[in-house]
Amino acid sequence: MNPKQLACFILMALIGVIMYSAQIVHQKVTAMRQEADDAESAATNAETERSTAEIKTAVLKTETEEIRRFLRAWLPAVEKIQTQQEVEQTIELSLREGGIGLVRQRRTEPKGSTTNKLIPKSVVTTLTIEEEYAKVLNWLGDIERRLPLSRMKIVQITGGSTARQLKLDVSFETPIFDLTSANAAADKDKKKS
């Protein structure tokens with residue numbers, strides 16, 4: 001081989017190496033551009049999902065504002081009575097302050113619920129009181145003030161042993177709320193979403 005042919009062969013090999021290197025660089029650049037496009041589209045999708053989630057959150061807050069306001073208003077009453085003993089103490093204090101001494105019958109029993117996680121337990125109180133008309137009705141109003149979440153089940157008023165007295169048979173159910181398990185369930189639902 002003469003020197004011109006050798007130089008031509010070396011030049012061709014050099015051009016081949018450069019072309020091969022350029023092709024590899026071009027493939028890497030194409031792959032990087034594709035990754036950049038994929039990342040950009042993923043970022044756009046994530047931004048869209050975030051915007052959608054913000055809109056859903058705003059709508060949910062607007063729709064539940066009345067319920068949340070209602071809960072905030074009743075939260076002190078819910079937190080006030082948390083056990084059966086507190087219900088019994090509240091009734092006892094109300095009877096004492098109302099000056100009612102003739103309690104003919106008194107029964108307090110717990111009632112459980114496995115389906116309602118917010119109100120897993122309630123206390124059913126049954127009383128028979130015979131006292132002066134004003135004291136009995138004032139006591140009933142005082143119970144409704146002290147236990148505002150109680151649900152009156154039975155209220156029967158009949159005449160008492162004297163003309164000034166009346167007999168009150170009353171049964172009411174006081175819910176015992178469990179806000180911690182309800183909040184934990186709500187937090188668990190948020191994490192799933």
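Residues numbered from 1 in each chain as written. Predicted model: local features only at pLDDT ≥ 70, side-chain atom pairs only at ≥ 80, totals over all residues. Heavy atoms only, no water.

1. Description of the environment of Ser 51
Consideration 1: Looking at the secondary structure, you find Ser 51 in helix H1 (residues 3-80).
Consideration 2: The spacing of Ser 51 and Met 1 is 50 residues in sequence and 72 Å in space, taken between C-alpha atoms. (Helix = DSSP H or I, 4+ residues; strand = E, 2+ residues; numbered from the N terminus.)

2. Topic: the packing of aromatic side chains
Consideration 1: The final tally for this structure, using the stated rule, is one aromatic pair.
Consideration 2: Relative to Trp 74, the ring of Phe 70 lies with its centre 6.1 Å away and its plane at 45°, an arrangement referred to as tilted. Residue Phe 70 and its partner Trp 74 are both found in helix H1; the two are separated by four residues, about one turn of the helix.
Consideration 3: Take Trp 74: its relative accessible area is 28%, and that puts it in the partly exposed class. (Phe/Tyr/Trp six-rings, centres within 6.5 Å; stacked < 30°, edge-to-face > 60°. Buried < 20%, exposed > 50% of the residue type's maximum accessible area, 1.4 Å probe, protein only.)

3. A few points about a negative patch on the surface
Consideration 1: On the surface, a cluster of negative charge is made up of Glu 35, Asp 37, Asp 38 and Glu 40.
Consideration 2: Given the relative accessible area of 55%, Glu 35 is considered exposed. (Patch = residues over 30% accessible without salt bridge, like charges linked within 9 Å, V, L, I, M, F, W, Y side chains within 5 Å. Areas by Shrake-Rupley, 256 points an atom, 1.4 Å probe, with all protein chains shown as cover. Salt bridge = Lys/Arg side-chain N within 4 Å of Asp/Glu carboxyl O. Lys, Arg positive; Asp, Glu negative; His and termini not counted. Charge placed at Lys NZ, Arg CZ, Asp CG, Glu CD.)

4. Looking at helix H2 (residues 84-98)
Consideration 1: Along its 15 residues, H2 runs 21 Å from first to last C-alpha, staying within 8% of the 21 Å computed at 1.5 Å per residue.
Consideration 2: Residues of H2 that are buried include every one of Gln 84, Val 87, Thr 90, Ile 91, Ser 94 and Leu 95, and no others. On an axial view of H2, the arc spanned by its buried residues comes to 130°, and they lie on one face. For H2, the exposed residues set more than 90 degrees away from the buried face come down to Gln 85, Arg 96 and Glu 97.
Consideration 3: Buried-residue contacts for H2 involve strand S1 (103-112), strand S2 (121-132), helix H3 (133-146) and strand S4 (165-176). (Expected span 1.5 Å × (residues − 1). Arc of directions from axis to C-beta. Contact = heavy atoms within 4.5 Å.)

5. Quick look at the side chain of Glu 173
Consideration 1: With respect to the helices and strands, the residue Glu 173 is situated in strand S4.
Consideration 2: The exposure class assigned to Glu 173 is buried, which follows from its relative accessible area of 10%.
Consideration 3: A polar side-chain atom of Glu 173 sits 2.7 Å from a polar atom in the side chain of Ser 122.
Consideration 4: Polar side-chain contacts of Glu 173 include one of 2.5 Å to the side chain of Arg 151.
Consideration 5: Among residues more than four places away in sequence, those in contact with Glu 173 are Lys 111, Ser 122, Val 123, Val 124, Leu 149, Ser 150, Arg 151 and Lys 153. (Polar contact = N/O pair within 3.5 Å; in protein donor to acceptor, adjacent residues only side chain to side chain.)

6. What about the pattern of salt bridges?
Consideration 1: A complete count under the given rule lists 15 salt bridges for this structure.
Consideration 2: Across the salt bridge formed by Arg 104 and Glu 130, the nearest N and O atoms sit 3.1 Å from each other. In this pair, Arg 104 sits in strand S1 while Glu 130 sits in strand S2, placing the two residues 26 residues apart along the sequence.
Consideration 3: Judged by its relative accessible area of 53%, Arg 104 falls in the exposed class.
Consideration 4: Notably, a salt bridge pairs Glu 173 with Lys 153, separated by 3.9 Å at the nearest N-O pair. Of this pair, Glu 173 sits in strand S4 while Lys 153 sits in strand S3 (residues 151-159); the two residues are 20 residues apart in sequence, bridging distant segments of the chain.
Consideration 5: Given the relative accessible area of 42%, Lys 153 is considered partly exposed.

7. Here we look at the pairing of S4
Consideration 1: Burial runs high along S4: 11 of the 12 residues are buried.
Consideration 2: Where S2 lies against S4, 12 bridges are found, and the strand directions are antiparallel. Bridge pairing in S4 places Val 123 opposite Thr 174.
Consideration 3: Sheet topology note: the S3/S4 ladder contains eight bridges and is antiparallel. Across the sheet, Gln 156 pairs through a bridge with Asp 169, a residue of S4.
Consideration 4: Between the end of S3 and the start of S4, which pair antiparallel, lie five residues. (Pairing = 2+ DSSP bridges.)

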